[in-house]
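# Residue-level structure breakdown
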Amino acid sequence: MAAPDPQQAADPAAVKRHPALFRAIRKRQNPRLRRTDITVTDDAAVKRAVKAASLGNAMEWFDFGIYSYLAVTIGHVFFPSGNDTTQLLSSFATFAVAFLVRPLGGMFFGPMGDKVGRKKVLALTMILMAVGTFAIGLIPSHDTIGVWAAVLLIFFRMLQGFSTGGEYGGASTFIAEYAPDKRRGFFGSFLEFGTLAGYVGAAGLVTALYALLNDAQMEAWGWRIPFLVAGPLGLVGLYLRLKLDETPAFQKLEGGTAHASEAADGVEATAKGDLAKIFRQYWPTLILCICLVGAYNITDYMLLSYMPTYLSDELGYSETHGLLILLAVMVFLMAIISQVGKLSDRFGRKPLLMTGMLGFLFLSLPAFLLIRVDGILPITIGMLMLGLSLVCMLGTMSAALPALFPTNVRYGSLSVGYNLSASIFGGTTPLVITALISWTGSNLMPAYYAMAAALIGVIAVACMKETAQQPLIGSPPSVETDEEAAELVQAQAPDPKF
């Protein structure tokens, strides 16, 4: 946290009597930048970091996507019952279980990432995620081993959730600490490009399986294929992550090669990854993070995870029908998300996030009314309305969230805040919406739920500070060229006096 202004803390009369002394104190606490204080980024290293972090994120959401898109089939395989709604609720409850342990994963991996490094922890989370997903594809059905099938499914879902607890906070921190200040939104948007790519890969594979196989084949063995594919994908992601160097900001914490100013030294040299410190000193920012992530996660999971089930289970469309429309929408969002990241660098994080939140607040009900109309065109228009609102958040959030916390606790704080919110609001979204529709009989409940989340999001965005084009807290400025670094130093040089 920044040091208090001595002029504000001291007696005004003392400041008036000793102006030179207090000017000297201010200069000591906030020294002018030197050229060696500024990090000049390596463009090739930044792109490697973005690629490795984004691929891991794609892997994570591929794993979660295949489970949600196969929710109906998984319900039949692992939870035999005469009631389709009970099977679906059981399947989504198991989906939510992974999110219940995510905060534990965040509390374990987050502080570890602040102590031993971002790279090592991101490699470990990749291994655990791949093992958990691959193992689900090997579990015998309920007809073969009875209730143990569901027990094993829950266990490996918990392993997935635990590993994911260290994934998003680490990946977004990794990209944010590598990227130059003026392009953090652009590079950060590729993390969510990975999110969409994971969902697209999952939706495409599941759609192909539904098209090629009948229901009996899908329940007998077809559902296993997407889970087994995760093993080789995990090895590729692990290879890419192990080839990376640590971020310049973390190298500074270890006394490495990156240089920071004396002011940054004072912030960065404090204890690393102390959970008690995170909750004690940064609780207001944690609450803000939880509110932002909650609004973002509810709308994200409603559209990208739950919508195919909504179209098939509530509106009676085939599984392939809903997945193909969602697939087209997600490919479109992938095509524009980096442009949204650029816009957030130019106009700020808050305007883009507010646009997305207001979009869900005012467009959710009209969108779902269109989705209920029979026909591909109105469904596609309705989903595009939701998708364009979501992409404003997708393209911005991965740059906005890491900027909330200082370098020395960034991985830990973001992992804790993000995963607490994802646990409470994100992973429970399909379960809550299915239950609300069942209780009320209204299939407009997803719209009302998204509107309530967006209202909280609007308040949270209004309360956050703008961080676009600014250095991360506790880190030196980061620029792309030596010329930019020289301009920064020159801008702080005092005017000559004659």
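Residues numbered from 1 in each chain as written. Predicted model: local features only at pLDDT ≥ 70, side-chain atom pairs only at ≥ 80, totals over all residues. Heavy atoms only, no water.

## So, the overall build of the protein
Using the following cut-off: Per the convention used, a helix needs a DSSP run of H or I reaching at least four residues, while a strand needs a run of E reaching at least two, with both numbered from the N terminus. Summary of the burial criterion: residues with accessible area below 20% of their type's maximum are buried, those above 50% are exposed, and those between are partly exposed, where the area comes from a 1.4 Å probe applied to protein chains only. In what follows, residue pairs with any heavy atoms lying within 4.5 Å of each other are defined as contacts.
For the protein, the count of helices and strands is 25 helices and two strands. For the protein, with 498 residues in total, the buried portion stands at 56%. Within the protein, counting contacts between residues at least 6 apart in sequence, those at least 24 apart form 84% of the total.

## Remarks on the packing of helix α8 (residues 118–136) against helix α11 (residues 167–178)
The condition is simple: Axis definition: a line fit to C-alpha positions, over the contact stretch in the case of helices; interaxial angles, taken between N-to-C directions, run 0 to 180 degrees. By definition, any crossing whose near helix is turned counterclockwise from its far helix by less than a right angle is left-handed, and any crossing with a clockwise turn is right-handed. For this scheme, ten residues count as nonpolar: Ala, Val, Leu, Ile, Met, Phe, Trp, Tyr, Cys and Pro. Four count as charged, namely Asp, Glu, Lys and Arg, and the remainder, Gly too, count as polar.
Closest axis-to-axis distance for the α8/α11 pair is 10 Å, and the angle between their directions is 145 degrees. Crossing hand, α8 versus α11: left-handed. Across the interface between the two elements, R118, K119, L122 and T125 of α8 pack against E167, G170, A171, T173, F174 and E177 of α11. Classifying every residue of the contact of α8 with α11 by side-chain character gives three nonpolar, three polar and four charged.

## Things to note about the packing of helix α4 (residues 43–69) against helix α14 (residues 224–242)
For the record, the criterion: Note that the term roughly parallel is reserved for angles under 35 degrees, roughly antiparallel for angles over 145, roughly perpendicular for angles of 65 to 115, and oblique for everything else.
α14 packs onto α4 with a crossing angle of 165 degrees between their chain directions and a minimal axis gap of 9 Å. Taken together, the axes of α4 and α14 lie roughly antiparallel to each other. Once α4 is placed against α14, the crossing between them reads as left-handed. Here A52, A53, L55, G56, N57, M59, F62, D63, I66 and Y67 of α4 lie close against α14, whose contacting residues are P226, F227, V229, A230, L233, G234, V236, G237, L240 and R241.

## Let's talk about the packing of aromatic side chains
So the rule is basically this: Stacked, edge-to-face and tilted labels apply to pairs of Phe, Tyr and Trp rings (six-membered ring for Trp) whose centres lie within 6.5 Å, assigned for plane angles under 30 degrees, over 60, and everything in between, in that order.
Within this structure, the stated rule accounts for 12 aromatic pairs. Ring geometry for F78 versus W223: centroids 5.4 Å apart, planes at 80 degrees, classification edge-to-face. Taken as a pair, F78 in helix α5 (residues 71–78) and W223 in the loop between α13 (215–222) and α14 lie far apart in primary sequence, 145 residues in all. With a relative accessible area of 1%, F78 lands in the buried category. Overall, the relative accessible area of 0% leaves W223 in the buried class. Ring centres of F190 and F193 lie 6.2 Å apart, and the angle between their planes is 55 degrees; this geometry places the pair in the tilted category.

## Concerning helix α20 (residues 349–371)
Quick note on the threshold: The angle separating two fitted axes, one through the seven residues that finish at a residue and one through the seven that start at it, defines the bend at that residue.
At L363, α20 shows its maximal kink, close to 55 degrees; a proline, P366, follows between one and four residues later. Within the span of α20, buried status applies to R349, L352, L353, G356, M357, G359, F360, L361, S364, A367, F368 and I371.

## Topic: unusual backbone geometry
Non-glycine residue Q469 carries a positive phi angle of around 65 degrees. For Q469, the position within the fold is in the loop between α24 (445–463) and β2 (478–479). Classification of Q469 by relative accessible area gives partly exposed; the value is 40%.

## Side note on the environment of I376
Take I376: it is sitting in helix α21 (residues 376–400). According to the relative accessible area criterion, I376 is exposed, its value standing at 53%. Apart from the residues lying within four places of it in its own chain, the contact partners of I376 are H321 and I325.

## Digging into the state of the cysteines
Put simply, the rule is: Cysteine sulfur pairs qualify as disulfides if the two atoms are within 2.5 Å.
Applying the stated criterion across every chain yields a total of zero disulfides. Cysteine C463 remains unbridged, with the sulfur of C291 as its closest cysteine sulfur at 8.5 Å.

## Overview of a nonpolar patch on the surface
Stated formally: For patch detection, residues must exceed 30% relative accessible area and be free of salt bridges, and they are connected within 9 Å for like charges or within 5 Å for nonpolar side chains (Val, Leu, Ile, Met, Phe, Trp, Tyr). Shrake-Rupley sampling with a 1.4 Å probe provides the accessible areas, and residues are treated as covered by the protein chains on show and by no other component. Salt bridge, as used here, is a side-chain nitrogen of Lys or Arg placed within 4 Å of a carboxyl oxygen of Asp or Glu.
Together, W221, I225, V229 and L233 make up an exposed nonpolar region whose accessible area comes to about 310 Å². Counting residues per element, the nonpolar patch draws most heavily on α14, at three residues. Relative to the elements of secondary structure, V229 occurs in helix α14. You can call V229 partly exposed: its relative accessible area is 31%.

## Description of the nonpolar core
Defined as follows: Among the buried residues, those of types Ala, Val, Leu, Ile, Met, Phe, Trp, Tyr and Cys that are joined through side-chain atoms within 4.5 Å form a nonpolar core.
By size, the foremost hydrophobic cluster in this structure holds 128 residues, and its most contacted members are M383 and L401. With 16 residues, helix α18 (residues 283–314) is the largest single contributor of residues to this core. When neighbours within four sequence positions are excluded, M383 is seen to be in contact with L303, M307, L311, I325, L326, V329 and I371.

## A look at the side chain of N419
Put simply, the test is: In protein, a polar contact means a hydrogen-donor-capable atom and an acceptor-capable atom, both N or O and within 3.5 Å, with residues adjacent in sequence counting only if both atoms are side-chain atoms; elsewhere, any N or O pair within 3.5 Å suffices.
Here N419 is to be found in helix α22 (residues 410–426). Judged by its relative accessible area of 1%, N419 falls in the buried class. A polar side-chain atom of N419 sits 2.9 Å from a polar atom in the side chain of R102. In contact with N419, not counting residues within four places along its chain, are R102, P103, G106, T164, G165 and L414.

## Here's the deal with the confidence of the model for the protein
Let me state the cut-off plainly: Residue-level confidence of the predictor is what pLDDT reports, using numbers from 0 through 100.
Mean pLDDT over the protein works out to 80, with 82% of the residues at or above the 70 mark. Note on residues 1–8: pLDDT is under 50 here. Beyond four places in sequence and across chains, it has 13 contacts. Here residues 256–273 is modelled with pLDDT under 50, and outside its nearest four sequence neighbours on either side it reaches 48 contacts, counting other chains as well.

## Some points on the environment of I336
Inspection of the secondary structure puts I336 in helix α19 (residues 319–347). Owing to a relative accessible area of 23%, I336 belongs among the partly exposed residues under this scheme. Measuring from C-alpha to C-alpha, the distance between I336 and V391 comes to 8.2 Å, with 55 residues separating the pair along the chain. Setting aside residues up to four positions removed in sequence, I336 forms contacts with L388 and V391.

## Focus: the side chain of S364
Along the chain, S364 falls in helix α20. Taking relative accessible area as the criterion, S364 reaches 0% and is therefore assigned buried. Non-local contacts of S364, meaning those with residues more than four positions away in its chain, are made with G359, L386, A447, A450 and M451.

## Observations regarding the environment of R102
Looking at the secondary structure, you find R102 in helix α7 (residues 102–115). Look at R102 and you get buried, because its relative accessible area is 0%. Expressed as a C-alpha distance, the spacing of R102 and Y418, which sit 316 residues apart in the sequence, is 9.2 Å. With near-sequence residues (within four places) excluded, R102 lies in contact with E60, W61, G161, T164, G165, Y301, Y418, N419 and A422.

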